[in-house]
Amino acid sequence: TPTLRLDYRPPAWAVPSIRLDFDLDAAVTRVRATLEVEKNSAEAAPRGPLALDGAPGMKPVSVTVDGRLLDAGEWRIEDDQLLIELTGPRHIVETEVVISPEKNTQLMGLYASGGLLCTQCEAEGFRRITFFPDRPDVLSRYTVKMTADRALYPVLLANGDLIGEGETGEGRHWAEWRDPFLKPCYLFAMVAGDLKANRDSFTTMSGREVQLGIWVREADLPRTEHAMTALKSSMAWDEKVYGREYDLGIFNIVAVADFNFGAMENKGLNIFNSRYILADPETATDADYDAIAGVVAHEYFHNWSGNRVTCRDWFQLSLKEGFTVFRDQEFSADQGSRAVKRIEDVRVLRAAQFPEDGGPLAHPIRPDSYLEISNFYTATIYNKGAEVIRMLHTMLGVEGFRRGTDLYFERHDGTAATCEDFVRAMEDANGADLTDFRRWYSQAGTPRLRAALSHEPGTAKARLTLEQVVPPTPGQDDKQPMPLPLRLALFGAKSGKAIVPERVHVLHDAEGEILFEGVDEQPVLSINRGFSAPVIVETNRTAADLAFLSGHDDDPFARFEAMQQLMVDTLVAAIEGREADEEAVIAAVRETLTDPSLDAAFVGEAVLLPNEAFLGDQLAVVDPTAIRRAREHLRQRLGRELEAEWRAAYAASAGNRFEYTPSAKGLRRLRTVALGYLDASGAADAAKQALAQYEGADNMTDRQGALTTLANGTSAERETALAAFYDRYRNDALVLDKWFTTQAISMREDTAEAVERLARHPDFTMTNPNRMRSLVGAFAANQFAFHSADGRGYRFVADMILKADKLNPQSAARLVPPLGRWRRFEPARAALMKAELERIVATPGLSKDVFEQASKSLA
Ligand code: ARG
Ligand code: ZN
């Protein structure tokens, strides 16, 4: 039975404080929990026994109330909850359980990773550690004592401040931590292991010194400097941009190798997937460096947007995630190239969120129901959620938005809040009316905006008509129009001048019209500049208009968009057998490539053809073979006809030593893009060139770029480079992931077979989420290979889902959505995909995670 948003009721009991006592051991860990419980006297709170959540099969060894040991008849387990009848308004309840971290393959709760013991509690992992009201609106003060073998676990970390440590004899030692801040149990964390710290400090704006530590295995210490720099920059940025200061004397980060997600914002003790901490030029690409800075910032920013103000219930998840993603995006934009960052973020939104919004798993950023909350850590909650916050920022302006966040933090500090609270703070701080804006929280689906500009020569007037449609999504047939903040401008086709300077127009209704005066030459429309609204835009712009904008728009994002649209229009025409204006694309790419005013990072993004999956999203019925054929044809033509330009762009970056700066990154990006086109051109020396780049590289970006190009082909150099890469990095799990991914995303015809073989490789394992993602996740995102016409890709992924589900349901469930897109594909493939989903749903003993995703995909 699903959990419903409107069923929310306040907790029956509060737990103002909890004391945890851990006797740690990988096989058998004893957990004693002492809870101070207090009846919630509020009218809306339910009556009844104290109900503490536990994991399936979990039983208390003992239960004590106010010091009295209860008989087995005085408590009971129902629906995985421990129920205790209590008579008074306030009691001390103590439970003891025994758990086994080394048997925990779900990686939720307390588990073992390498030689470490660590925790992941969001969303509902704490109940796998001890009996507790596992819901985010129960806020408590935590005191945690950890006892463990000193040799195996010399370092013992938990939230807050260290308040004591010592020996207990027999080689065991203990540490006690206290977190002075109220927090929900999903922010509890603890780590025990043989770790070393990169230590540093940060002085806050009010002059307090914070001890920073990034804890890793000793051998990884040299790879923590970039994360430390990012952490200090994040702390300074949040003070400057939001006025938010860190609040404890200690901030620790621990990197672990087995982790379901990117990272976790536990109070004062962030736990990270090691791929978002460890970096050096030899093993990490520029994209890795950027992602590390982004995730370090994201988790740090949660200290205010998530921890000091948390979520009332999990339907409010986007309150913290959407806002925090927006904050980390802006941080990264301020650190590097704002335009390139926006291009990347929009690319992610379109690749991950638009398909979700248009498919069977579509949900609003504040969902109304769920079976398994883990399935709702989605691109919709995170990335569309961030776009919704960005629209508020656009409409209210920098200062208005800041007034809103100041009020939000002031009003809700120390509490569990709702999305509604956030919107209301924005309204109250600005005297604004955001009534219809709330539809962004309640309605799913990507709005489609039609914009048509007309101009009668000689009248000096232009008319822009706007029309929006919000498509139906599961459970939501009828939609209201959404308010769309549209940044727009008009350019003179002849003069190239901005004849109507940029303005923000908010379209509130289904239809709208704007009249422009003083338009004395043919105007060209630039709309949704900076991607000001997360919508699909259709315009009446011609190929010539788009080519013009791609060379002249003064908003770099709009320039990029115009080029992409020109490419999409051309490729869709070719796929549909209509006449395609390839010459316009070639000319526009040449112009961008040779424009000396553009920086290399931008050029590297702008000249790339939209990927196959994105092209599929533009079509009513997806035929991966037709898409591959049309895209390859244009890619090869671009390669051949601009061969001299690609060679020049490639040569321009020669001889640079590695530096992690925006300009050096840009050169590396363009270099690999140019290499790819050179390879597409069929030039005889391309593979040799790629192998030379591979062998001569002083950094992973160039090395991986060369390897990716080679992996698409059939040359002898390909095998040389893949073998060399494996030999060099076989003992470095994070780099070996790249070896798997490079082969899984290959454009070769035999990729599906190759991936099946790689799944039998001795280095492949289903117990490590990064490795699973690097092979199976990457393959499922490779449209041509996954959608192999014989259905072997579908069968392989379905087999993986069923096997993984036994070990780690979360990791299994996230492989379901690619199969769930079956309705979009041509009938033969659709039938094969559907059959695999039916096979999954018919399998006995499925997790809630996989069942929810697969059954919704069939509904
Ligand atoms: N709050 C974490 C973050 O976004 C992610 C936690 C994911 N947990 C989960 N059960 N899906 O930084
Ligand atoms: Zn987050």
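Residues numbered from 1 in each chain as written. Chains lettered and ligands numbered in written order. Predicted model: local features only at pLDDT ≥ 70, side-chain atom pairs only at ≥ 80, totals over all residues.

**Thoughts on the packing of helix α20 (residues 751-758) against helix α23 (residues 792-807)**
What counts, and what does not: An axis is simply a line fitted to the C-alpha atoms; with a helix, the fit covers only the stretch in contact. Between two such axes, the angle follows the N-to-C directions and lies from 0 to 180 degrees. A run of H or I in DSSP becomes a helix once it reaches four residues, and a run of E becomes a strand once it reaches two; helices and strands are each numbered from the N terminus. The cut-offs work like this: below 35 degrees is roughly parallel, past 145 is roughly antiparallel, 65 to 115 is roughly perpendicular, and the gaps in between are oblique. Two helices cross in a left-handed way if the nearer one is turned anticlockwise from the farther one by less than a right angle. They cross in a right-handed way if the turn is clockwise. What counts as a contact is two residues whose backbone-derived C-beta atoms lie within 7 Å of each other.
Close contact between α20 and α23 brings their axes to 9 Å; oriented N to C, the two are set at 25°. By the angle between their directions, the pair α20 and α23 is classed as roughly parallel. In terms of crossing hand, the pair formed by α20 and α23 is left-handed. Within the contact between the two elements, α20 uses Ala 752, Val 755 and Glu 756 and α23 uses Arg 792, Gly 793 and Phe 796.

**What to know about the sheet that holds strand β17 (residues 196-203)**
Heads up, the condition is: At least two DSSP bridges between two strands are required for those strands to pair.
Spatially, the five strands line up as an open sheet ordered β17-β18-β19-β21-β20, and their pairing is mixed. In the strand order of this sheet, the two ends are held by β17 and β20 (263-264), each with one partner.

**Details of the site of ligand 1**
To keep it simple, the criterion reads: Each residue gets a C-beta atom placed from its backbone. If that atom is within 6 Å of a molecule or strand, the residue is near it. In this classification, Asp, Glu, Lys and Arg are treated as charged, Ala, Val, Leu, Ile, Met, Phe, Trp, Tyr, Cys and Pro as nonpolar, and every other residue, Gly included, as polar.
Lining the immediate environment of ligand 1, one finds Glu 122, Ala 123, Phe 261, Ala 263, Met 264, Glu 265, His 298, Glu 299, Glu 321, Ser 374 and Tyr 377. Looking at the shell around ligand 1 residue by residue, the classes come out as five nonpolar, two polar and four charged.

**Comments concerning the packing of helix α13 (residues 624-641) against helix α15 (residues 662-680)**
In contact at an axis separation of 7 Å, α13 and α15 are set at 100° when each is read in the N-to-C sense. Considered as vectors, α13 and α15 are oriented roughly perpendicular to each other. Residues Arg 635, Gln 636, Leu 638 and Gly 639 of α13 touch α15, and the partners they reach there are Tyr 677, Leu 678 and Ala 680.

**With respect to the UniProt feature "domain: Peptidase M1 alanyl aminopeptidase C-terminal" (unreviewed entry) in the protein**
To be explicit about the condition: UniProt positions are given in the numbering used here, feature names are shortened, and annotations may be inferred rather than shown by experiment.
In this numbering, the UniProt entry assigns the feature "domain: Peptidase M1 alanyl aminopeptidase C-terminal" (unreviewed entry) to residues 544-859. Spanning residues 544-859, this segment combines 72% helix with 0% strand, and its end C-alpha atoms are found 44 Å apart.

**Quick notes on the UniProt feature "domain: Aminopeptidase N-like N-terminal" (unreviewed entry) in the protein**
Within this numbering scheme, the UniProt entry marks residues 102-187 as carrying the feature "domain: Aminopeptidase N-like N-terminal" (unreviewed entry). A distance of 22 Å separates the end C-alpha atoms of residues 102-187, which is 0% helix and 52% strand.

**Considering unusual backbone geometry**
Threshold: Here the C-beta atoms are placed from the backbone, and a residue counts as buried if at least 20 other C-beta atoms lie within 10 Å of its own, exposed if 12 or fewer do, and partly exposed otherwise.
The linkage connecting Glu 122 with the following residue, Ala 123, adopts the cis geometry, with an omega of 0°. Locating Ala 123 in the fold gives a position in the loop between β11 (116-120) and β12 (140-149). Located in the positive-phi region is Asp 79, a residue other than glycine, with phi close to 50°. Checked against the element boundaries, Asp 79 lands in the loop between β7 (75-78) and β8 (81-84). One non-glycine residue, Ala 460, adopts positive backbone phi at about 60°. Along the chain, the position of Ala 460 falls in the loop between β25 (448-455) and β26 (461-469). Taking the number of C-beta atoms within 10 Å as the measure of exposure, Ala 460 has 13 and is therefore partly exposed.

**Details of helix α8 (residues 543-552)**
When you tally the buried positions in α8, you get seven out of ten residues, the bulk of the element. Three or more residues of α8 are buried, namely Asp 545, Leu 546, Ala 547, Phe 548, Leu 549, Ser 550 and His 552. For α8, the secondary structure elements touched by its buried residues are β27 (484-492), β30 (523-527), α9 (556-575) and α10 (582-593).

**Section: the environment of Ala 197**
Relative to the helices and strands, Ala 197 resides in strand β17. For the pair Ala 197 and Ile 214, spaced 17 residues apart in the sequence, the C-alpha separation amounts to 5.2 Å. Setting aside anything within four residues of it in sequence, one finds Ala 197 in contact with Gly 213, Ile 214 and Trp 215.

**Overview of helix α3 (residues 317-335)**
How we decide: Expected span, for any helix, means 1.5 Å times one less than how many residues it has.
Relative to the 27 Å expected for 19 residues at 1.5 Å per residue, α3 spans 27 Å between its end C-alpha atoms, a close match to the ideal helical length. Most of α3 is tucked away: 16 of the 19 residues are buried.

**Points about the sheet that holds strand β28 (residues 498-507)**
Within the open sheet, the three strands sit side by side as β28-β27-β30. Their pairing is antiparallel. Looking at strand neighbours, the two that pair on one side only are β28 and β30, the edges of this open sheet. Taking the axes of each pair of neighbouring strands and ignoring which way they run, one obtains an average angle of 20° across the sheet. By the bridge criterion, seven bridges tie β27 to β28 in an arrangement that is antiparallel. The partner of Leu 488 across the bridge, within β28, is Arg 503.

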